[in-house]
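Residues per chain are reported as follows:
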Amino acid sequence: LLLLLSMSFLFFLFRQVFIYLRMVIEGVIFENLKKSMRNKLFSNYLKADSEYHDLTPSGEFVNIIGNEVHNAIKGVMVPVNIAVLSVTSASYLVALFLISWEVTIVTILILLAVIQLPKYWIKLSKKVGFNLVNVNSKTIEFLVEKMRSPRLVYLSGMIDSEIIEF
């Protein structure tokens, strides 16, 4: 019993240390990638010809810099997170197998059954994600365009209609 409690405590302690290290490293990588991507996008935007600037609404570009870069980097980090979680899960399964192979087999069967549920959610989230990008782009584009000339809206007496349109 003492051996089991000691092993459990050590596994818990190692888990907490690894979770902390993963969070710190992931945060640093995430923010560096985000900064690099935003700098590159802004640099390319400034170097683009005037035809591109005329065709691309500024609200859409602001949305890309503000929201979509963040979401794209999160998407890039998913495979890294899956790899880390896979190694962690494999370690837990080995430890479980050493303690009790019967419990390990039951655990694997339960995990295989539970994995089926998120497949449906993933399919739905892809569709919702495309819709959110579209709505965010249009909303920010609308706001940027209106914020350029608030006095014009005020002087034309169109405040109420602009609020309704928003």
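Residues numbered from 1 in each chain as written. Predicted model: local features only at pLDDT ≥ 70, side-chain atom pairs only at ≥ 80, totals over all residues. Heavy atoms only, no water.

## A look at the overall build of the protein
When you go through the protein residue by residue, the secondary structure sums to 6 helices and 0 strands. By residue count, 13% of the 166 residues in the protein fall in the buried class. Residue pairs at least 24 apart in sequence account for 70% of intrachain contacts in the protein once pairs closer than 6 positions are excluded. Here the protein has roughly 13300 Å² of accessible surface; of this, 72% comes from carbon and sulfur atoms. (Helix = DSSP H or I, 4+ residues; strand = E, 2+ residues; numbered from the N terminus. Buried < 20%, exposed > 50% of the residue type's maximum accessible area, 1.4 Å probe, protein only. Contact = heavy atoms within 4.5 Å. Areas by Shrake-Rupley, 256 points an atom, 1.4 Å probe, with all protein chains shown as cover.)

## Observations regarding the side chain of K34
Tracing the backbone shows K34 in helix α1 (residues 2-47). Among the residues examined, K34 registers a relative accessible area of 12% and is labelled buried. Every residue in contact with K34, bar those within four places of it in the chain, is listed here: V69, H70 and I73.

## Overview of the packing of α1 against helix α3 (residues 58-99)
Two quantities define a packed helix pair, namely the angle between the axes and the distance from one axis to the other. At a minimum axis distance of 9 Å, the contact between α1 and α3 shows a crossing angle of 160°. Comparing their axes, α3 and α1 come out roughly antiparallel. Crossing geometry of α1 relative to α3 is assigned as right-handed. Across the contact of α1 with α3, the residue classes tally to 21 nonpolar, 3 polar and 6 charged. (Axes fitted to C-alpha atoms, helices over the stretch in contact; angles between N-to-C directions. Parallel < 35°, antiparallel > 145°, perpendicular 65-115°, else oblique. Left-handed = near helix turned anticlockwise from the far one by under 90°. Nonpolar A, V, L, I, M, F, W, Y, C, P; charged D, E, K, R; others polar.)

## Examining the environment of V133
Among the structural elements, V133 can be located in helix α4 (residues 101-148). A residue is classified by how much of its surface remains accessible, and V133, at 31% relative accessible area, is partly exposed. Remark: the alpha-carbon pair of V133 and E60, spanning 73 residues in sequence, is separated by 9.9 Å. Beyond its immediate sequence surroundings of up to four residues, V133 is in contact with N63 and E68.

## So, α3
In this model, α3 (42 residues) spans 60 Å end to end at C-alpha, consistent with the 62 Å of a helix rising 1.5 Å per residue. If you look at α3, its biggest bend is around 45°, right at E68. (Expected span 1.5 Å × (residues − 1). Bend = angle between axes of the 7 residues up to and from the residue.)

This is a description of form; function is not addressed.
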